[in-house]
Amino acid sequence: MNKELRRKKRYQAEKRFQLYGIIAISLALFFVGLLVFKVFSDGTSAFSRTMIKLDVTFDANKLGITNVNDKDEVDNADYYTLIYEEFIKSYPFSNREEEKQIIKLLSPDYEFEAKNYFLKNKDQLNKTVTLLLTASDDFDQLHKGNFPRDIPEDRRRLSNYQLKIYDQFLKDGKVEKIFNNYLFSKGDSRDPELAGFGGAILGSLFTILICLLISFPIALAAAVYLEEFAPKNKLTDLIEININNLAAVPSIVFGLLGLGILLNVFELPRSTPLVGGIALSLMTLPRIIIPARASLKAVPPSIREGALAMGASKVQTVFHHVVPLAMPGTLSGTIIGLAQALGETAPLLLIGMVAFVVELPGSPMDPSASLPVQVYLWSESAERGFVEKTSATIMMLLGFLIVMNSLAVYARQKFEKKWN
Amino acid sequence: MKQLKTLFFLILSFVFVSNAIARDQIKIVGSSTVYPYATVVAERFGKSGKFKTPVIESTGTGGGMKLFCAGVGTNHPDITNASRAIKSSEKELCSKNGVKDIIEIVVGNDGISFAHSVKAKDANFTKEHLWRALAHDVDVDGKLVVNPYKKWSDIDKSLPNYGIKILVPPPTSGTRDAWNSLVMAKGCSKTAKAAYEAVGKKAKKACVKLREDGFAIEAGENDTLIVNKLSADPELFGLFGFSYLVANKDKIKAAKVNGVVPSLEGIQNYSYPIARPLFFYVKKAHIGVVPGIHEFLKDFTAKKATGPRGYLTDVGLVPLSPDKYNLTRNSALKLTTIQ
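Residues numbered from 1 in each chain as written. Chains lettered and ligands numbered in written order. Predicted model: local features only at pLDDT ≥ 70, side-chain atom pairs only at ≥ 80, totals over all residues.

Novice: Break down the overall build of chain B for me, citing the residues and quoting the values.
Specialist: On a plain count of helices and strands, chain B comes out with 15 helices and 14 strands. Dimensions of chain B, computed from C-alpha atoms along their principal axes, come out at roughly 75 × 50 × 40 Å. When burial is assessed residue by residue, chain B has 44% of its 339 residues classed as buried. The contacts in chain B between residues at least 6 apart in sequence include a share of 73% that link residues at least 24 apart. (Helix = DSSP H or I, 4+ residues; strand = E, 2+ residues; numbered from the N terminus. Buried ≥ 20, exposed ≤ 12 C-beta atoms within 10 Å, placed from the backbone. Contact = placed C-beta atoms within 7 Å.)

In structure tokens, the structure reads:
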């Protein structure tokens with residue numbers, strides 16, 4: 001009887017333990033799910049852009065173009081007035097204030113959009129075409145349903161008059177949602193409807209590239225030397241401990257190092273992916289050395305002995321046989337280290353990459369932001385349109401991280417040899 | 001291995017070549033309050049096509065001054081934004097590092113709004129109320145004691161009957177500096193000032209010390225986050241620049257201070273009591289070295305930007321009064337330096 005009872009108790013204990021485990025996992029999943037849900041529900045609308053249709057005649061007189069092939073004339077033509085005058089005709093207004101409210105429904109970039117269209121379609125001179133012009137941030141957010149409209153006028157960004165225009169446009173089929181290519185092709189902007197993370201993606205790519213080019217060769221050399229050549233003594237033990245410690249140093253410290261040495265001593269240009277990459281590579285080094293050493297250690301001694309027995313030198317043994325076999329593990333360690341560097345903001349803060357950069361960087365020497373920095377910058381902006389942009393950037397960043405991590409898993413599984 | 005070697009040398013050569021390249025893009029650092037205005041002007045400046053778009057970092061006024069005053073040369077920023085005037089200690093640092101000729105541009109005005117959720121009832125505070133709610137020590141019955149107030153109604157019967165909860169910006173923020181000098185120092189009661197002076201403390205410094213018992217919550221520089229916190233809790237108050245109030249008026253509203261609601265006109269003529277000018281500072285030595293600085297100054301002070309109907313008013317900047325505008329426009333055109 002007693003025995004029976006004790007067995008029952010033990011089974012219960014096991015069940016209880018399993019239950020705790022399930023609760024822990026479902027809690028974790030719940031929070032991840034909540035985060036992903038929030039990011040996606042906020043962010044998906046950023047991938048579309050609200051456009052307003054407008055019939056425009058590219059009148060040569062109004063534009064001041066006498067010869068369509070004269071590049072100077074076409075470049076300096078007055079697209080601003082053309083679109084302005086055409087657009088305010090789309091709804092009746094009675095005073096200057098109302099006129100201003102109409103034009104504010106368009107994004108301030110309309111003159112450039114009209115210009116770009118005309119530069120591509122010069123044969124449209126004196127012809128009437130239907131242009132799709134980007135709507136202003138407020139209009140865009142209203143159309144996407146992110147602005148409530150049933151609140152008093154003085155608490156709304158759009159006036160009653162502007163809402164009437166919106167309803168009229170909607171009825172006339174003048175409002176259209178298209179895929180937001182600006183999000184991918186443009187740099188930062190103060191107008192949410194014109195802002196994109198193209199510059200941030202390029203900045204992140206350059207940073208990661210510099211980081212890879214610097215940290216991978218150095219880390220590999222360090223790992224090979226420590227594992228294959230270095231004598232085992234107190235000095236190498238000390239180095240090993242320090243490498244492990246270095247991996248745990250908070251990243252902001254590397255930012256300070258970058259500020260103090262790269263910017264102040266070497267006088268490298270501020271806010272550039274070059275400096276960012278170098279600072280991040282310091283952070284990534286130990287994170288590559290440790291898995292590289294582990295995978296070198298995992299290569300069985302029989303490989304080395306076999307090579308040495310065939311008359312290979314120590315260097316030949318290492319570089320022809322051991323390193324290639326350790327590569328899969330090293331590579332996956334490298335990719336994971338880089339993925340961590342990709343999501344890093346703190347060191348970039350100190351070397352000035354947290355900056356408003358409009359132009360896309362053409363090289364690692366141009367000032368640029370990076371993806372996590374863009375998240376930070378947009379989350380701070382007052383305009384409502386940046387809320388969805390922030391979430392969209394997070395989605396992009398998560399996408400990159402998932403791709404890199406699956407690449408690491410793939411590299412390990414595809415090329416790794418099992419030793420039995 | 002050979003390829004790795006070449007790559008490595010490629011990077012090294014990159015590093016050394018970069019030193020030789022001159023900068024052709026204006027660099028701006030400084031206040032997060034001026035940042036939204038400076039970025040709008042910079043973007044338009046870049047779109048005009050003659051020069052590259054300036055790069056702007058938001059480092060806070062103090063951090064910006066430190067970078068700005070670090071020296072002359074293309075490795076140092078050309079312009080720093082500030083939500084308060086340059087301090088004499090910063091001027092000293094500047095001149096010690098060879099930054100001698102500095103041009104001061106007054107951009108416009110900003111009002112700090114003491115805001116809460118639109119769901120809350122309207123409230124009206126005096127500066128002394130605000131000081132009593134936030135100060136570390138206050139006077140009760142003529143004696144200086146550690147701040148005992150837990151509810152607004154403890155301070156004054158006319159105030160709302162709920163707990164004091166105020167989100168304040170960090171000490172590095174220019175908004176906090178302005179709040180200290182405009183509200184905490186001015187709202188400090190005479191009894192408290194006298195009590196401080198009696199024990200030989202400087203009233204100006206002692207009055208601005210914030211309470212540390214959890215009623216004043218330090219909230220970081222992320223104003224959007226603060227807006228969300230405010231809209232979720234109707235009893236919570238926060239301090240902002242005016243532009244955030246304008247952009248989020250469906251979520252938050254400003255409390256009256258001395259009976260005045262912050263408005264464009266009220267901030268411009270300083271009838272709203274917590275208004276302050278915004279600045280930026282330019283290194284004269286960089287004009288002509290980095291292309292476009294003088295043109296940028298002209299653009300920033302142009303009528304269509306900072307004038308009474310300029311595009312910056314749409315983002316919440318309160319334009320200068322006409323005489324002050326002419327003054328600052330002049331110093332932008334003639335590059336007048338400060339002493």
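There's more to say after this.
Novice: Could you give an account of the packing of helix α11 (residues 234-247) of chain A against helix α13 (residues 273-297) of chain A, with specific residues and numbers?
Specialist: All names here are of chain A. At a minimum axis distance of 8 Å, the contact between α11 and α13 shows a crossing angle of 125 degrees. Relative to α13, α11 is oriented oblique. Seen from above, α11 lies across α13 with left-handed handedness. The residues of α13 that touch α11, namely those facing Ile 243, Leu 246 and Ala 247, are Pro 286, Arg 287, Ile 289 and Ile 290. A per-class count over the contact of α11 with α13 returns six nonpolar, no polar and one charged. (Axes fitted to C-alpha atoms, helices over the stretch in contact; angles between N-to-C directions. Parallel < 35°, antiparallel > 145°, perpendicular 65-115°, else oblique. Left-handed = near helix turned anticlockwise from the far one by under 90°. Nonpolar A, V, L, I, M, F, W, Y, C, P; charged D, E, K, R; others polar.)

Novice: Got a sec to walk through the domain arrangement of chain A? Specific residues and values, please.
Specialist: All names here are of chain A. By the assigned domains, chain A splits into domain 1 (46-180) and domain 2 (198-415). Taking the mean C-alpha position of each, domain 1 and domain 2 sit 46 Å from one another. Each residue belonging to the side of domain 1 that touches domain 2 can be placed in one class, and the counts come to three nonpolar, two polar and two charged. (Domains from an automatic or database assignment.)

Novice: An account of the domain arrangement of chain B is requested, with residue identities and associated values reported.
Specialist: All names here are of chain B. For chain B, the domain assignment lists domain 1 (24-108 + 277-334) and domain 2 (113-273). A separation of 29 Å is found between the C-alpha centroids of domain 1 and domain 2. Among the elements that make up the side of domain 1 that touches domain 2, the one with the highest residue count is helix α3 (residues 61-68) (three residues). Grouping the constituent residues of the side of domain 1 that touches domain 2 by class yields five nonpolar, 10 polar and one charged.

Novice: Kindly report on the nonpolar core, identifying the contributing residues and their values.
Specialist: Ile105(B) and Tyr281(B) are the most contacted members of the largest nonpolar core, which has 155 residues in total. Looking at this core, the element that brings in the most residues is helix α10 (residues 198-229) of chain A, giving 15 residues. With 22 residues, the next largest nonpolar core counts Ile52(A), Tyr79(A), Ile83(A) and Ile165(A) among its residues. (Core = buried A, V, L, I, M, F, W, Y, C linked by C-beta atoms within 7 Å.)

Novice: Hey, could you go over unusual backbone geometry for me, with residue numbers and the actual values?
Specialist: Residues and elements named next belong to chain B. At Tyr 270, a residue that is not glycine, the phi angle is positive and equals roughly 60 degrees. Take Tyr 270: it is sitting in the loop between α12 (264-268) and β14 (275-283). Taking the C-beta count within 10 Å as the criterion, Tyr 270 has 14 such neighbours and is therefore assigned partly exposed. Although it is not a glycine, Leu 335 adopts a positive phi angle of roughly 55 degrees. Topologically, Leu 335 is positioned in the segment after α15 (322-334).

Novice: Tell me what's going on with the interface of chain B and chain A, and back it up with residues and numbers.
Specialist: The partner chain A presents 31 residues to the 34 residues of chain B that form the contact. Looking at the side of chain B that touches chain A, the elements that each hand over two or more residues are α1 (2-20), α2 (35-47), β2 (55-57), α10 (223-232) and α11 (242-247) of chain B. Residue composition of the side of chain B that touches chain A, grouped by class: 16 nonpolar, 11 polar and seven charged. As defined by bridge partners, strand β4 (residues 355-356) of chain A adjoins β2(B) across two bridges and the pair is classed as antiparallel. Among the inter-strand pairings, Phe356(A) is bridged to a residue of β2(B), identified as Ile56(B). (Pairing = 2+ DSSP bridges.)

Novice: Can you tell me about the sheet that holds strand β3 (residues 79-82) of chain B, naming the residues and giving the values?
Specialist: Strand pairing in a sheet relies on backbone hydrogen bonds, with the paired strands running either antiparallel or parallel. Ordered in space as β4(A)-β2(B)-β1(B)-β3(B)-β14(B)-β4(B), the six strands form an open sheet in which the pairing is mixed. Strands at the two margins of the open sheet, each flanked by one partner only, are β4 of chain A together with β4 (102-111) of chain B. By the bridge criterion, three bridges tie strand β1 (residues 27-30) of chain B to β3(B) in an arrangement that is parallel. Across the sheet, residue Gly30(B) finds its bridge partner in β3(B), namely Asn81(B).

Novice: Explain the environment of Ser173(B) to me, using residue names and the numbers behind them.
Specialist: The residue Ser173(B) is located in the loop between β9 (166-168) and α7 (174-187) in this model. C-alpha of Ser173(B) to C-alpha of Ala120(B): the two residues are 53 residues apart in sequence and 27 Å apart in space.

Novice: Quick rundown of the sheet that holds strand β12 (residues 252-254) of chain B? Include the residues and the values.
Specialist: Residue and element names in this part refer to chain B. Taken in spatial order, the five strands make up an open sheet running β10-β9-β11-β5-β12, and their pairing is mixed. The outermost strands of the open sheet, each flanked by one partner alone, are β10 (216-218) and β12. Averaged over all pairs of adjacent strands, the angle between strand axes in this sheet comes to 35 degrees, irrespective of strand direction. As paired elements, strand β5 (residues 113-117) and β12 share three bridges and run antiparallel to each other. Looking at the pairing, Ala 115 lines up with Ala 254 of β12. Those strands touched by α10 are β5, β9, β11 (237-240) and β12, and its axis lies near 45 degrees from that of β5.

Novice: Could you give an account of the pairing of β5(B), with specific residues and numbers?
Specialist: Residue and element names in this part refer to chain B. Of all five residues in β5, four are buried, a share of seventy percent or more. Across four bridges, β5 lies against β11 in antiparallel orientation. For Phe 114, the partnering residue across the bridge sits in β11 and is Leu 239.

Novice: Can you explain the environment of Gly142(B)? Please cite residues and give values.
Specialist: All names here are of chain B. Checked against the element boundaries, Gly 142 lands in the loop between β7 (137-140) and β8 (143-146). Assessed through the 9 C-beta atoms surrounding it within 10 Å, Gly 142 is described here as exposed. When the C-alpha atoms of Gly 142 and Thr 328 are compared, they prove to be 46 Å apart, with 186 residues separating the residues in sequence.

Novice: Give a description of helix α5 (residues 127-134) of chain B that names residues and reports values.
Specialist: α5(B) sits mainly inside the fold: seven of its eight residues count as buried. Regarding α5(B), the residues found buried are Glu128(B), His129(B), Leu130(B), Trp131(B), Arg132(B), Ala133(B) and Leu134(B).

Novice: Report on the packing of α10(A) against helix α15 (residues 314-342) of chain A, specifying residues and quantitative values.
Specialist: Residue and element names in this part refer to chain A. Where α10 contacts α15, the two axes come as close as 10 Å, and the packing angle between them is 140 degrees. Here α10 is positioned oblique relative to α15, judged by the angle of their axes. For the crossing formed where α10 meets α15, the hand is right-handed. For the pair formed by α10 and α15, the contact residues are Ser 204, Ile 208, Cys 211, Leu 212, Phe 216, Leu 220, Val 224 and Glu 228 on the first element and Val 318, Val 322, Val 323, Thr 330, Thr 334, Leu 338, Ala 341 and Leu 342 on the second. When grouped by side-chain class, the residues that make up the contact of α10 with α15 number 12 nonpolar, three polar and one charged.

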